[in-house]
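# What the coordinates show
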Amino acid sequence: MKLFGQNSLSPVIGKARYADFSCAAVSICLFLLFWQFSSALFPRARLIPPPTTVIPAFIRSFYEPIGSETMPGHIFRSLYRVFLGFSLASVTGVTLGILSGRNRLANAIINPFIEILRPIPGIAWIPIAILWFGTGENGKVFILFIASFTIIAANTHDGARHVDPELVGAARMMGASSTRIFFTVVLPCCVPQVFTGLQIGLTINFMTVVAAEMIRSRSGLGWVVSTGNDSGNMTQVMVGLVAIGIIGFALSSLLRLAEKRLLIWNAN
Amino acid sequence: MERELICCNGLTKSYAGRRVLDGVSLRLGQNEFVSVLGPGKCGKTTLIKLLSGLERPDAGEVFMDGAAVSSPSPKRGVVYQNTLLFNWLTVLGNVRYPLRKLGRQESLSRAMKYIELMGLKGFEKAYPRQLSGGMKQRCGIARIYAMKPRVIFMDEPFSQLDAQTRYLMQLELEKIFLGEGQSVLFVSNNIEEAVYLSDRIVVLSPSPSRVVKEFRLDLPRPRNYLSPEFVRIRAEIERCLSEVCDG
Ligand SMILES: Nc1ncnc2c1ncn2[C@@H]1O[C@H](COP(=O)(O)OP(=O)(O)OP(=O)(O)O)[C@@H](O)[C@H]1O
Ligand SMILES: [Mg+2]
């Protein structure tokens, strides 16, 4: 039956991406130039070192240790803490969100806690974390967990609540069991919102780990910044900030990529 | 009519205090093709939801084979007006969804058979968002044909198809209906299509709606759109509908 027209899917090619990328590169170069010259011209800008100092120092940090670790070591420390706290928060947040989104009683029980805990910033928990876990790793994981599981739960809840009941009906009409409906209809419907929650949660966790490390730790990106500050080493502070920015960006890009892979069906 | 398959008595349904159906009674025989015509928004989709068990009536009952219908079942397939495909599954995934009990090989070959029949070959791996409205409708039809229910409820299934495709789909539907011994309850806004396909046509009034008239069509199949008998009955139904719409 050729009457139904061209039976193929036309591929979508994007040349625009390449142009976007070039523009971004150019604007970053211009900014570096501006930074370089302004630190020679304005007294306030002179207080921080220019890119010609920071970039070599940043590169050097990869083989010359700052404190007890080189930069990859610090990055690893911070990321490992994020990984632990974020994993814990994701599992808990998604579970609670689905429970409260699908069940009225569960919602009545869970929701007040989520909503009250949500506005408390992670670092506000530091005193309690120290009281419970001491100054070691567990306390940091606890802070990260409590800083992000609420936002993940809240987003998942929204997704789970708005699953189209007609789709659930359609699945039942096709003979699916409740378990199958949960995995093949309810979960896929939530996935976009879950990813929104994860994205926000990860950003919060990364910012929180840096802040927590600045207050009490012996390694990590936050520690690099705070010890640089303590010893008046502005170059080290800047190196730390650059690393934080780049790693944070890399993390959220990674999550976006995962989302794109998992949600091909949802692309616009 | 042969043996009775589905029957409902006095179906009444209100949404938010507004009565949509007001005592609709219908029967559908084994291997009978019944069309439901009515003015827009008169509750045709609501009627299908009640008959298939997707929703419960406020009053009245639905029976299938003498047993009360209280929930949806794969014995009663529904082709939805708004398709309701699963956006996260491909065309093939959607058509295979109801076929899980069949085993891999058989479900695959059966799904492919109906995908091809609906002219979707080459689009098995496409996601619904990549399809046109008409193609989504055909996918929604394929998954119900593949399921082989005892009765098929079709809610304006061809509304987004172009005339040529629509005609082909009508022929396929008639073939399946005649070949498999299923019953069909067909909602349409196209009188000619209903006259071409149906054994019986039921006309609903504007909501709160009831059955206002029934037409029995004894023309031999396949029917000829131009035969005097066909033209006469079509005109008669047209007149009846416009009277109903004018209130
Ligand atoms: N779930 C619902 N909640 C509230 N109102 C509803 C609901 N379903 C249907 N209605 C209302 O009931 C009336 C009949 O709807 P229904 O979709 O059954 O009509 P229809 O004959 O199928 O319409 P159409 O010709 O557009 O297909 C409409 O006014 C609609 O707004
Ligand atoms: Mg309708």
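Refer to the structure presented above.
For the structure given in this document, a descriptive report is provided here. Computed from a prediction, not measured in an experiment: that's the story for all the values here.

### Observations regarding the sheet that holds strand S2 (residues 18-29) of chain B
Residues and elements named next belong to chain B. In space, the 4 strands of this open sheet follow the order S2-S1-S4-S5, with antiparallel pairing throughout. Only two strands of the sheet have a single partner each, and these edge strands are S2 and strand S5 (67-68). Where strand S1 (residues 4-15) and strand S4 (residues 59-64) come together, 5 bridges link them in antiparallel fashion. Bridge assignment links Cys 8 to a residue of S4, and that residue is Val 62. Strands S1, S2 and S4 of the sheet are contacted by helix H1 (residues 44-52), whose axis makes an angle of about 125° with S1.

### Some thoughts on the pattern of salt bridges
When the charged atoms of two side chains lie near each other, side chains of opposite charge can form a pair. Going through the model one piece at a time under the given rule, you end up with 22 salt bridges over all chains. We note a salt bridge from Lys 13 of chain B to Glu 55 of chain B, for which the minimum N-O separation is 3.8 Å. You can see Lys 13 of chain B sitting in strand S1 and its partner Glu 55 of chain B sitting in the loop between H1 and S4, a full 42 residues away along the chain. According to the relative accessible area criterion, Lys 13 of chain B is buried, its value standing at 10%. Shared partners join several salt bridges into a network, and the residues in it are Glu 166 of chain A together with Lys 13, Lys 49 and Glu 55 of chain B.

### With respect to the coordination of the magnesium ion (ligand 2)
Residue and element names in this part refer to chain B. The magnesium ion (ligand 2) binds to the protein through Thr 45 (OG1) and Gln 81 (OE1), with metal-donor distances spanning 1.9 to 2.2 Å. Linking Thr 45 in helix H1 with Gln 81 in the loop between strand S6 (76-79) and helix H2 (91-96), this pair joins segments that are 36 residues apart in sequence. Judged by relative accessible area, Thr 45 falls into the partly exposed class, the value being 25%.

### A word on the site of ligand 1
Residue and element names in this part refer to chain B. Residues in close proximity to ligand 1 include Tyr 15, Arg 18, Val 20, Gly 40, Lys 41, Cys 42, Gly 43, Lys 44, Thr 45, Thr 46, Gln 81 and Glu 156, which together make up its full environment. Arg 18 is positioned such that a nitrogen or oxygen atom in its side chain is 3.4 Å from an oxygen atom of ligand 1. One of the backbone nitrogen or oxygen atoms of Lys 44 is found 2.9 Å away from an oxygen atom of ligand 1. Top contributing element to the shell around ligand 1 by residue count: H1, with 3 residues. Here the shell around ligand 1 is composed, by residue class, of 3 nonpolar, 5 polar and 4 charged.

### Side note on helix H1 (residues 16-41) of chain A
All names here are of chain A. The terminal C-alpha atoms of H1 lie 37 Å apart, and with 26 residues this matches the ideal 38 Å at 1.5 Å per residue to within 8%. For H1, the set of buried residues is Trp 35, Ser 38 and Ser 39. Looking at the buried residues of H1, the elements they touch are helix H2 (43-46), helix H3 (51-60) and helix H11 (234-262).

### Focus: the interface of chain B and chain A
Listed per partner, the contact involves 39 residues of chain B and 27 residues of chain A. Counting each side, the surface lost to burial between chain B and chain A is near 2800 Å², with a carbon and sulfur contribution of 67%. Looking at the side of chain B facing chain A, the largest losses of area belong to Trp 88, Tyr 97 and Arg 129 of chain B, adding up to 27% of the total buried there. On inspection of chain B and its partner chain A, the count reaches 1 salt bridge. With a closest N to O distance of 3.4 Å, Lys 49 of chain B and Glu 166 of chain A form a salt bridge. If you list the elements that add at least two residues to the side of chain B that touches chain A, you get S6, helix H3 (104-117), helix H4 (133-147) and helix H5 (163-180) of chain B.

### Some words on H5 of chain B
All names here are of chain B. Its 18 residues place the ends of H5 26 Å apart at the C-alpha level, agreeing with the 26 Å of an ideal helix rising 1.5 Å per residue. Within the span of H5, buried status applies to Thr 165, Arg 166, Leu 168, Met 169, Gln 170, Glu 172, Leu 173, Glu 174, Ile 176 and Phe 177. Those residues of H5 that are buried are in contact with strand S3 (33-37), H3, H4, strand S7 (151-155), strand S8 (183-187) and helix H6 (191-197). Positive backbone phi, at 70°, marks Gly 181, one or two positions downstream of H5.

### Some remarks on the packing of helix H10 (residues 221-230) of chain A against H11 of chain A
Packed helices, taken two at a time, are described by the angle between their axes plus the distance between the axes. Residue and element names in this part refer to chain A. Put simply, H10 and H11 touch, their axes get as near as 7 Å, and they point 160° apart. Between H10 and H11, the crossing angle belongs to the class labelled roughly antiparallel. Helix-helix and strand crossings are classified by hand; for H10 and H11 the assignment is left-handed. Across the interface between the two elements, Leu 221, Val 224, Val 225, Thr 227, Gly 228 and Asn 229 of H10 pack against Met 234, Gln 236, Val 237, Gly 240, Leu 241, Ala 243, Ile 244 and Ile 247 of H11. Residues of the contact of H10 with H11, tallied by class, amount to 9 nonpolar, 5 polar and no charged.

### A short note on the sheet that holds strand S10 (residues 211-216) of chain B
Residue and element names in this part refer to chain B. Ordered by their spatial adjacency, 6 strands build an open sheet running S6-S7-S8-S3-S9-S10, and the pairing between neighbours is mixed. Since the sheet does not close on itself, it has two edges, and those belong to S6 and S10, each with one partner. Direction aside, neighbouring strands of the sheet carry axes that sit 15° apart on average. Bridge analysis of strand S9 (residues 200-204) against S10 gives 5 bridges, and the strand direction is antiparallel.

### Description of the environment of Ala 59 of chain B
Tracing the backbone shows Ala 59 of chain B in strand S4. Those residues in contact with Ala 59 of chain B that sit more than four places away from it in its chain are Gly 10, Leu 11 and Thr 12 of chain B.

### Remarks on the packing of helix H5 (residues 104-117) of chain A against helix H7 (residues 137-161) of chain A
All names here are of chain A. Running from N to C, H5 and H7 point in directions that differ by 135°, and their axes come no closer than 9 Å. Between H5 and H7, the crossing angle belongs to the class labelled oblique. The hand of the H5/H7 crossing is left-handed. Contact with H5, carried on its side by Asn 107, Ile 114 and Leu 117, involves Phe 149, Thr 150, Ala 153, Ala 154 and His 157 of H7 and no other residues of that element. Split into classes, the residues belonging to the contact of H5 with H7 amount to 5 nonpolar, 3 polar and no charged.

### Considering a nonpolar patch on the surface
A grouping of Val 26, Leu 30, Leu 33, Phe 37, Leu 41 and Phe 42 of chain A is seen on the molecular surface, where their side chains present a nonpolar patch of about 640 Å² in accessible area. Along the polypeptide, Leu 41 of chain A turns up in helix H1.

### So, the packing of aromatic side chains
Residue and element names in this part refer to chain A. Scanning the entire structure with this criterion turns up 19 aromatic pairs over all chains. A centroid spacing of 5.8 Å and a plane angle of 15° characterise the contact between Phe 76 and Tyr 80, whose relative ring orientation is stacked. Linking Phe 76 with Tyr 80, this pair stays in helix H4 (residues 71-102), spanning 4 residues, or about one helical turn. For Phe 76, a relative accessible area of 52% gives the class exposed. Ring plane angle 65° and centroid distance 5.6 Å describe the contact between Trp 132 and Phe 142, whose orientation is recorded as edge-to-face. On the criterion of sequence distance, the pair formed by Trp 132 in helix H6 (residues 126-133) and Phe 142 in helix H7 is long-range, its members being 10 residues apart. Owing to a relative accessible area of 58%, Trp 132 belongs among the exposed residues under this scheme. Classification of Phe 142 by relative accessible area gives buried; the value is 11%.

What counts, and where the lines are drawn
Residues numbered from 1 in each chain as written. Chains lettered and ligands numbered in written order. Predicted model: local features only at pLDDT ≥ 70, side-chain atom pairs only at ≥ 80, totals over all residues. Heavy atoms only, no water. Pairing = 2+ DSSP bridges. Helix = DSSP H or I, 4+ residues; strand = E, 2+ residues; numbered from the N terminus. Contact = heavy atoms within 4.5 Å. Axes fitted to C-alpha atoms, helices over the stretch in contact; angles between N-to-C directions. Salt bridge = Lys/Arg side-chain N within 4 Å of Asp/Glu carboxyl O. Buried < 20%, exposed > 50% of the residue type's maximum accessible area, 1.4 Å probe, protein only. Donors = N, O, S within 2.8 Å, 3.2 Å for Na, K, Ca; no water. Near = heavy atom within 4 Å. Polar contact = N/O pair within 3.5 Å; in protein donor to acceptor, adjacent residues only side chain to side chain. Nonpolar A, V, L, I, M, F, W, Y, C, P; charged D, E, K, R; others polar. Expected span 1.5 Å × (residues − 1). Buried area = accessible area lost by both parts, 1.4 Å probe. Parallel < 35°, antiparallel > 145°, perpendicular 65-115°, else oblique. Left-handed = near helix turned anticlockwise from the far one by under 90°. Patch = residues over 30% accessible without salt bridge, like charges linked within 9 Å, V, L, I, M, F, W, Y side chains within 5 Å. Areas by Shrake-Rupley, 256 points an atom, 1.4 Å probe, with all protein chains shown as cover. Phe/Tyr/Trp six-rings, centres within 6.5 Å; stacked < 30°, edge-to-face > 60°.

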